[in-house]
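Fold and geometry: a report
Chain by chain, the residues run as shown.
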Amino acid sequence: MTTRPVRGVEIAEVDEAAVASYLAATPEFFDRHAQLLAKIRLPDARGGASTVSLLERQVEVLRERNRQLERKVKDFVDVARENDALGGRVLSMARRLIAAKDHAAAVAAVEEALREEFDAGQSVLVLIASRAPAGLDESRFLRVVPAELPALRTFDTLFNAGKPRCGQLRDSQREFLFGADAAAVGSVALVPLGDKGSLGLLACGSHDSQRFNPTMSTDFLAHVGDLIAAALARD
């Protein structure tokens, strides 16, 4: 241990960690030495050569913590509002599907809900069947493919997982789903329909590469998938 003079008084130089540990273990230190609180000066956190008292620094730290808490609360409120809005859209889709009298009306209801409620007009519904159900005609939105179609094998990971997935697709997958519009699709939400995709899948595409990203929650997509599967499974 070395010493150095401070205003004519030699004091021992100690390790900073030891000082920090001592103060943390002795919270009553400043109760016994309250006069030090007004004397201790710290560099101003806003920069420059000026200094502030320890009390002023503590106030600024508390203010910053308060700002951080306010930002977190705002984030929570924003998420809650977004979830509430999504819940309303899913409910609206459910009402449309309940009102559908047959498969054709159900498919039309799904397409309308995706376009009007979710702003997902660039979507494709792929049904796995040997032939189109009675009253259903294939269109830009609806595809009916046999289970043995080789292109379906590229979605085995999705089907085996049995839950929605968001992100980017391989070129062959995008081309299979979106055809001539594939090049314009930046990100996709894939939703398996039925047990492990037994009924098919729903693909919602977007020009925005970040709209459907792998980090986003897929709970509402799963609800949408359950609604569509239930509507298509009705006689």
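Parameters at a glance
- Residues numbered from 1 in each chain as written.
- Predicted model: local features only at pLDDT ≥ 70, side-chain atom pairs only at ≥ 80, totals over all residues.
- Heavy atoms only, no water.
- 1 Å grid on protein atoms, 1.4 Å probe; cavity = no way out; pocket = protein on both sides within 12 Å on 5 of 7 lines; lining within 4 Å.
- Points joined across faces, edges and corners; volume = space filled by probe spheres on them.
- Helix = DSSP H or I, 4+ residues; strand = E, 2+ residues; numbered from the N terminus.
- Nonpolar A, V, L, I, M, F, W, Y, C, P; charged D, E, K, R; others polar.
- Buried < 20%, exposed > 50% of the residue type's maximum accessible area, 1.4 Å probe, protein only.
- pLDDT = per-residue confidence, 0-100.
- Polar contact = N/O pair within 3.5 Å; in protein donor to acceptor, adjacent residues only side chain to side chain.
- Pairing = 2+ DSSP bridges.

1. Concerning the layout of surface pockets
Considering only enclosed or pocket space, the largest pocket measures out at about 540 Å³ in volume. Around the largest pocket, the lining comprises 20 residues; the ones closest to its centre are Glu-82, Leu-86, Met-216, Phe-220 and Leu-221. Elements supplying a minimum of two residues to the lining of the largest pocket: helix 4 (54-99), strand 9 (200-206) and helix 8 (219-233). For the lining of the largest pocket, the element with the highest residue contribution is helix 4, accounting for six residues. Residue composition of the lining of the largest pocket, grouped by class: 13 nonpolar, three polar and four charged.

2. A look at unusual backbone geometry
Most peptide bonds adopt trans geometry, and most residues besides glycine take a negative phi value. Residues other than glycine seldom take positive phi values, yet Asp-119 does so here, at roughly 55°. Position of Asp-119 relative to the elements: it lies in the loop between helix 5 (103-116) and strand 5 (123-128). Here Asp-119 falls in the exposed class, since its relative accessible area comes to 59%. Residue Lys-196 is not a glycine yet carries a positive backbone phi of 50°. Of note, Lys-196 is situated in the loop between strand 8 (187-193) and strand 9.

3. Quick look at the confidence of the model for the chain
Considering every residue of the chain, the mean pLDDT works out to 86; 86% of them sit at 70 or more. The lowest-confidence element of the chain is strand 2 (residues 9-12), averaging 51 in pLDDT; the highest-confidence one is strand 8, averaging 97.

4. Here we look at the side chain of Ser-123
One can find Ser-123 in strand 5. One polar contact links the side chain of Ser-123 to the main-chain carbonyl oxygen of Ala-120, over a distance of 2.5 Å.

5. Some remarks on the pairing of strand 5
For strand 5, the buried fraction is high: six of the six residues fall into the buried class. Because side chains alternate across strand 5, one face comprises the buried residues Ser-123, Leu-125 and Leu-127, and the other comprises Val-124, Val-126 and Ile-128, equally buried. Sheet topology note: the strand 5/strand 9 ladder contains five bridges and is antiparallel. Bridging across to strand 9, Ser-123 finds its partner in Cys-204. Note: strand 5 against strand 6 (residues 142-145), four bridges, orientation parallel. Residue pairing in the sheet places Ile-128 in a bridge with Val-145 of strand 6.

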